[in-house]
Amino acid sequence: MRRLRQVTKIVREQGAKQLGVRLLTAATRRLGAEGEELPVRLEDVRKADVENHRPVVIPPIPDTGRLTINWVTTPPSKGSGGHTTMFRLIRHLESLGHECRLYLYETFGNAVADLEPGIREAFPFFKGSIHDVTDGMADAHAVFATAWITAYPAFNDPCAGKRFYLVQDYEPWFYPSGGLHALAENTYRMGMHGFTAGRFLADKVRDEHGMPADHFDFGCDADRYKLGDEKRDGIVFYARRKAPRRAFELGVLALEVFAEKHPDIKIHVYGEKIGQLGPQFHDHGLVTPDDLNAIYNRCFAGLSLSMTNVSLVPHEMLAAGCIPVVNDAHFNRVVLDNDHVRYAAPTPHSLARALSEVVTTPDFDATARAAASSVEGRSWDAAGHELEKVLRRELST
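All figures in this text were calculated on a predicted structure; none of them were measured in a lab.

S.K.: Account for the side chain of Gln280, naming residues and giving values.
M.R.: Here Gln280 shows up in the loop between strand 9 (266-270) and strand 10 (281-285). The buried category is assigned to Gln280, whose relative accessible area is 15%. A distance of 2.9 Å separates a polar side-chain atom of Gln280 from the backbone oxygen of His262. With near-sequence residues (within four places) excluded, Gln280 lies in contact with Ala259, His262, Pro263, Ile265, Lys266 and Ile267.

Right, dumping it as C-alpha cells:
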C-alpha cells in the first residue's frame, strides 16, 4: 500500500514520464552505471530565480506575542544529528508558546501518513502538525529552510512569512565542484536570514555570499552525557561511511596504525555497522544515547573527524570525560574552542599519535574530570533563547 501511494504521488505531481525516468535511474544505479538521481526536484530549481526576491510579507503578530513558524525539512529520522538539533530548537520555541509546523520535502513519493508515525516516535515531544510541502504552506510569521534542498521550496512557496535558513554545515562542500555544488551554494543568495551552527558558518555565508546571519553555540545534552565511574580501557570512533565529510577511510587507517602500537586497548566503533576489522574492534552500529554515554565512559579518547563543520560528537565526548581527537581545521577550532580537544593533522599517523598521547596520559582521571567540567552548563536552552531573540528582532523590523 505504501509503495502504491509513492507511485501515485509521483505520477500526480510529476507525470508518468518522470516516473519512468526515476525507474530508469534506479536501474542504472543498481547496475553500477554512473549518474545519480538529484536530491532536489528539478521543477523547484527551475522555478527559483534566486536573484529575484519577492517582497517580505509578515502577518501581524498577535498581542500574545505567539509566533507561527513553518519548518521545511527532509523527513526527520532517529539518530540524525541535524534533525535532532532542529527539534531541540523547536522544542524550546514550543515551550514558550509558539506554534511550529513541519512541512516535509522528500523526493521518493512517500506520503506524510506513512512518515508521520516514525517522526512522532523519534521526537515524541513535538506538538505541531506535519504536512507535505508540495501541497503548499499556510501563512506564517517565519519560514525556515533547514538544508539546501529545502531552501528551494521555502523560496518558491507564495505563503507569507520572513524566510530564515537553519545552516548546520556548509553543504556545497558535500559535493565535488560541479552542478550540485553550485545548486547548494546558490541557496545562500536567496535573501534568507541565516541562523548557523557555530560562528564559522555565519562568517562564511556573510563574507562569501552576503547572507545576513546570526549563530548559536553548540549545546550539550547533560542529561544524557555525563561523567561516570567506569574503568577506561578503550578508544572510540564515530564512523559514518555513508557521509564522506566524516572521513571514514582516514579514520580506519588511523585506528589500524594505533592498534599496532596499542594491542591491549579496545577500539569501539559506532554510527554505522562496518564489519569486523580485527579482534580489538567492537562494532556497535547505531546506538542509543544512553548506550553511547556508557561507551564514552569506557574510553580514554574518541576519534571524531569532520571535513566540513564540526559535529555534535566532541562535546558529548567531553561531557563523559572522553578526550576528542579531531582533524585540525579552522572551522573545528573556531566552533569547539575548548582546551581539552586534541587537534591533529588529517593523516593516519598524526591522528594515531594524538590518540596514543591521550591513552598514555598520567592521572587520566583528573584529565577526564577537567574535560567534563569544561562543558558544564552548556545546554541547548541557550541556542533556543538566541533563536527567539533573532526572530523577535527580525520580525519587528
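S.K.: Requested: an account of the sheet that holds strand 11 (residues 299-303), with residues and values cited.
M.R.: Strand order in this open sheet of 6 strands is 10-9-8-11-12-13, and the pairing throughout is parallel. The sheet is open, and its two edges are formed by strand 10 and strand 13 (342-344), each paired on a single side. The average angle at which neighbouring strand axes cross in this sheet is 20 degrees, direction not considered. Here 5 bridges tie strand 8 (residues 234-238) to strand 9, and the two strands are oriented parallel to one another. Residue pairing across strands places Phe237 opposite Val269, the latter belonging to strand 9.

S.K.: Give a description of empty space enclosed by the protein that names residues and reports values.
M.R.: This model, assessed by the stated rule, comprises 2 cavities of 30 Å³ or more. What the largest cavity holds in volume is close to 50 Å³. Contributing to the lining of the largest cavity are Arg88, Gly219, Cys220, Asp221, Tyr225, Leu312, His315, Glu316 and Trp380. Among the residues making up the lining of the largest cavity, the classes are represented as 4 nonpolar, 2 polar and 3 charged.

S.K.: Before we move on, could you go through helix 4 (residues 112-122) and cite the residues and values that matter?
M.R.: Among the residues of helix 4, those classed as buried are Val112, Asp114, Leu115 and Ile119. End-on view of helix 4: buried residues confined to an arc of 155 degrees, all on one side of the axis. More than 90 degrees from the buried face of helix 4, the exposed residues found are Ala113, Pro117 and Glu121.

S.K.: Which residues make up the UniProt feature "domain: WsaF C-terminal" (unreviewed entry) in the protein chain, and what values do they have?
M.R.: In this numbering, the UniProt entry assigns the feature "domain: WsaF C-terminal" (unreviewed entry) to residues 235-355. Along residues 235-355 the backbone is 37% helical and 22% strand, and the end-to-end C-alpha distance reaches 8 Å.

S.K.: Lay out the pattern of salt bridges with the relevant residues and their values.
M.R.: Opposite charge on two side chains permits pairing when their charged atoms draw close. Evaluated as defined, the whole model comprises 17 salt bridges. Arg393 serves as the salt-bridge partner of Glu394, at 2.9 Å between the closest nitrogen and oxygen. A single network of salt bridges, built from pairs that share partners, joins Lys162, Asp214, Arg393 and Glu394.

S.K.: How would you explain helix 12 (residues 348-359) if you had to name every residue and give the values?
M.R.: When the terminal C-alpha atoms of helix 12 are compared, their 17 Å separation across 12 residues agrees well with the 16 Å that a helix rising 1.5 Å per residue should span. Buried within helix 12 we find Ser350, Leu351, Ala352, Ala354, Leu355, Ser356, Val358 and Val359. Where helix 12 is buried, its residues meet strand 8, helix 8 (248-261), strand 11, strand 12 (323-327), strand 13 and helix 13 (364-373).

S.K.: Which residues make up the packing of helix 3 (residues 81-95) against helix 14 (residues 381-395), and what values do they have?
M.R.: Running from N to C, helix 3 and helix 14 point in directions that differ by 65 degrees, and their axes come no closer than 9 Å. Comparing the axis directions of helix 3 and helix 14 gives the class roughly perpendicular. Like other packed secondary-structure pairs, helix 3 and helix 14 cross with a definite hand, here right-handed. Contacts between helix 3 and helix 14 pair Leu89, His92 and Leu93 from the former with Asp381, Ala383, Gly384, His385, Leu387, Glu388 and Leu391 from the latter. Along the lines of polarity and charge, the residues of the contact of helix 3 with helix 14 split into 5 nonpolar, 3 polar and 2 charged.

Parameters and conventions
Residues numbered from 1 in each chain as written. Predicted model: local features only at pLDDT ≥ 70, side-chain atom pairs only at ≥ 80, totals over all residues. Heavy atoms only, no water. Helix = DSSP H or I, 4+ residues; strand = E, 2+ residues; numbered from the N terminus. Buried < 20%, exposed > 50% of the residue type's maximum accessible area, 1.4 Å probe, protein only. Polar contact = N/O pair within 3.5 Å; in protein donor to acceptor, adjacent residues only side chain to side chain. Contact = heavy atoms within 4.5 Å. Pairing = 2+ DSSP bridges. Axes fitted to C-alpha atoms, helices over the stretch in contact; angles between N-to-C directions. 1 Å grid on protein atoms, 1.4 Å probe; cavity = no way out; pocket = protein on both sides within 12 Å on 5 of 7 lines; lining within 4 Å. Points joined across faces, edges and corners; volume = space filled by probe spheres on them. Nonpolar A, V, L, I, M, F, W, Y, C, P; charged D, E, K, R; others polar. Arc of directions from axis to C-beta. UniProt positions renumbered as here; feature names shortened; annotations may be inferred. Salt bridge = Lys/Arg side-chain N within 4 Å of Asp/Glu carboxyl O. Expected span 1.5 Å × (residues − 1). Parallel < 35°, antiparallel > 145°, perpendicular 65-115°, else oblique. Left-handed = near helix turned anticlockwise from the far one by under 90°.

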